[in-house]
Amino acid sequence: MKRTRLVGFIVFILIGSILGLIYGWVINPAEVKNTTLSSMRTDFKADYVVMVSEIYATDHDLNTAIEHLNEITTGEDVIPTVQEALLVGQQFGYSDREMRAMADLEIALTNALKEGSQ
Amino acid sequence: MKSKQGQWHLLTGLLLGVVLGAAFSLWVLPVHYIDTEPATLRSADRETYREIVAKAYLIEADTNRALARIALLKDPNPASALIAQAQQELANSGESQLARGLALLGAAINQPSLRITPLPENGATGAIPPLSTVTSTPGEGKVTVTITQAATRTPIATFTPRPTPTPSPTLGAPFVLVKQETICDPLPQISLIEIEVQDVKGKPLPGVKIQLSVVNGGSETFYTGLYPEIDDGYANYAMAAGSEYALRVGEAGQLVSGIKIPTCNAGADPGSVYLLFQQP
């Protein structure tokens, strides 16, 4: 008898869990809010990189550029973020000026990385 | 004995299950958002995004593009958000250039025809190699940038700034005139109406709307904050000889009329007019 009650208890825990998930995922799914820059879609990130590149082209402040890029980078290395933006830029037909600015930034970051590792 | 125990254990199990499910989804395996839009960004990241857009706006001077970027945030009142961030930046003794960009962009929302002078790109050598190819190696996730030739950077077109910054809501009490002076020393080359706008604590306010009308003429609107090198709450207007002006600072500020080019040196030279407005 005790075994039957225990089984019923566990079964209802599972049913409750399923009901909770259905409520959270189907009936009242969570509104997407309070997201971070790093979770943005790739094309938005690429536009962000364009802006950072243009700022860098004006002030040549690599540290600030890295700070800005860190905002949209999930890992530690910001160079892949710029490289991905270059690919997106090529795919979406960014202007030569924008591509140049991103390439300049990518080169500066790579050079800084090389100098730092030496 | 059996009937006394009842079925409460089932209800307990159900509730326990709901709690476990919620805890699992909230803490053990929380939702990880990907491919989101700027409109869903949290407050701090929205400010960072505005900052980057404003800085890029000062460089590109592309008002439409900057406005399109700001529109992605879907702020209920983007102009207010930008002006507030500009004022916050100034209050925090942050970058005045950034504050200027934010204020200008806030102004551009209500005046999309606003044109600014782009900041020059600061090429280290003056010769920028153009990007020739961007290649990706499948499987390795590696991107290679190849530069094949050098070329001289094409100069960017410059736009002449117009003395017409922006609209933005003026918050707080109406502005009143607290000081009016004639400027003769030094003798101005152009007769100006020089206006400074401050809040109740005497802090300069950028982005404040100034409506000016010419007696028997037209009217113009301009904004404070376009001359941060002078003062964040500063604006000016060049007067024409023989004209009389009236102006109002903010939406419901005091109307100051009868403004004309003053005379200096016993009527020999034209001077300028200085007006200080403050919130009471």
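The shown structure was predicted, so the numbers you read here are calculated from the model rather than taken from an experiment.

Participant: Please clarify how the overall build of chain A should be interpreted in this entry.
Facilitator: Along its length, chain A carries five helices and zero strands. Ordered by position from the N terminus, the helices and strands of chain A form the series α-α-α-α-α. Going through the 118 residues of chain A one by one, you find that 43% of them count as buried. Here the contacts in chain A between residues at least 6 apart in sequence split such that 61% fall between residues at least 24 apart. Surface exposure of chain A reaches about 6,600 Å², of which carbon and sulfur atoms provide 57%.

Participant: In this structure, what is going on with helix 4 (residues 79-92) of chain A? I would like to understand it.
Facilitator: Each α-helix turn comprises 3.6 residues. Residues three or four places apart therefore point the same way. All names here are of chain A. With 14 residues, helix 4 ought to run about 20 Å at 1.5 Å a step, and its terminal C-alpha atoms sit 20 Å apart, in line with that. If you check which residues of helix 4 are buried, you get Ile79, Thr81, Val82, Gln83, Ala85, Leu86, Val88 and Gly89. Following helix 4 by one or two positions, Gly93 adopts a phi angle in the positive range, close to 75°.

Participant: Could you clarify how one ought to interpret the environment of Leu104(B) in this entry?
Facilitator: Relative to the helices and strands, Leu104(B) is located in helix 6 (residues 96-110). Sequence separation between Leu104(B) and Tyr223(B) is 119 residues; the distance between their C-alpha atoms is 9.4 Å.

Participant: Hey, could you run me through the pattern of salt bridges in this one?
Facilitator: Where charged atoms from two side chains of opposite charge approach closely, those side chains can pair. Counted according to the given criterion, the structure contains 15 salt bridges over all chains. Between Glu98(A) and Arg65(B) there is a salt bridge, with the nearest N and O atoms lying 2.4 Å from each other. Here the residue Glu98(A) occupies a position in helix 5 (residues 96-117), and Arg65(B) occupies one in helix 4 (residues 63-71), the pair thus bridging two chains. In this structure, the salt-bridge partner of Glu181(B) is Lys179(B), at a minimum N-O distance of 4.0 Å. Taking relative accessible area as the criterion, Glu181(B) reaches 38% and is therefore assigned partly exposed.

Participant: Can you help me understand the packing of aromatic side chains in this one?
Facilitator: Where two aromatic rings form a pair, the distance of their centres and the angle of their planes describe that pair. All names here are of chain B. Taken as a whole and judged by the stated rule, the model has one aromatic pair over all chains. When the centroid spacing of 5.7 Å and the interplanar angle of 70° are considered together, the rings of Tyr237 and Tyr245 count as edge-to-face. Note on accessibility: Tyr237 and Tyr245 belong to one class, buried.

Participant: Honestly, unusual backbone geometry in this entry has me stumped. Any pointers?
Facilitator: In most cases, non-glycine residues show a negative phi, while peptide bonds are predominantly trans. All names here are of chain B. Residue Ala61 is not a glycine yet carries a positive backbone phi of 60°. The topology assignment puts Ala61 in the loop between helix 3 (43-60) and helix 4. In this model, Ala266 sits at a positive phi of 60°, which is unusual for a non-glycine residue. Secondary-structure assignment places Ala266 in the loop between strand 12 (263-264) and strand 13 (269-270).

Participant: What should I look at first to understand the nonpolar core in this one?
Facilitator: Leu69(A), Met102(A), Leu105(A), Leu109(A), Tyr49(B), Tyr57(B) and Leu105(B) are the most contacted members of the largest nonpolar core, which totals 54 residues. Counting only elements with at least two residues in this core, the list comes to helix 2 (42-59), helix 3 (62-72), helix 4 and helix 5 of chain A together with helix 3, helix 4, helix 5 (78-91) and helix 6 of chain B. The element contributing the most residues to this core is helix 2 of chain A, with nine residues. Discounting residues that sit within four places of it in the chain, Tyr57(B) has contacts with Asp62(B), Thr63(B), Ala66(B), Gly101(B), Leu104(B), Leu105(B), Ala108(B), Leu114(B) and Ile116(B). Counting residues in each nonpolar core, the second largest holds 20 residues, with Phe175(B), Val197(B), Phe222(B) and Leu275(B) among its members.

The rules behind the values
Residues numbered from 1 in each chain as written. Chains lettered and ligands numbered in written order. Predicted model: local features only at pLDDT ≥ 70, side-chain atom pairs only at ≥ 80, totals over all residues. Heavy atoms only, no water. Helix = DSSP H or I, 4+ residues; strand = E, 2+ residues; numbered from the N terminus. Buried < 20%, exposed > 50% of the residue type's maximum accessible area, 1.4 Å probe, protein only. Contact = heavy atoms within 4.5 Å. Areas by Shrake-Rupley, 256 points an atom, 1.4 Å probe, with all protein chains shown as cover. Expected span 1.5 Å × (residues − 1). Salt bridge = Lys/Arg side-chain N within 4 Å of Asp/Glu carboxyl O. Phe/Tyr/Trp six-rings, centres within 6.5 Å; stacked < 30°, edge-to-face > 60°. Core = buried A, V, L, I, M, F, W, Y, C linked by side-chain atoms within 4.5 Å.

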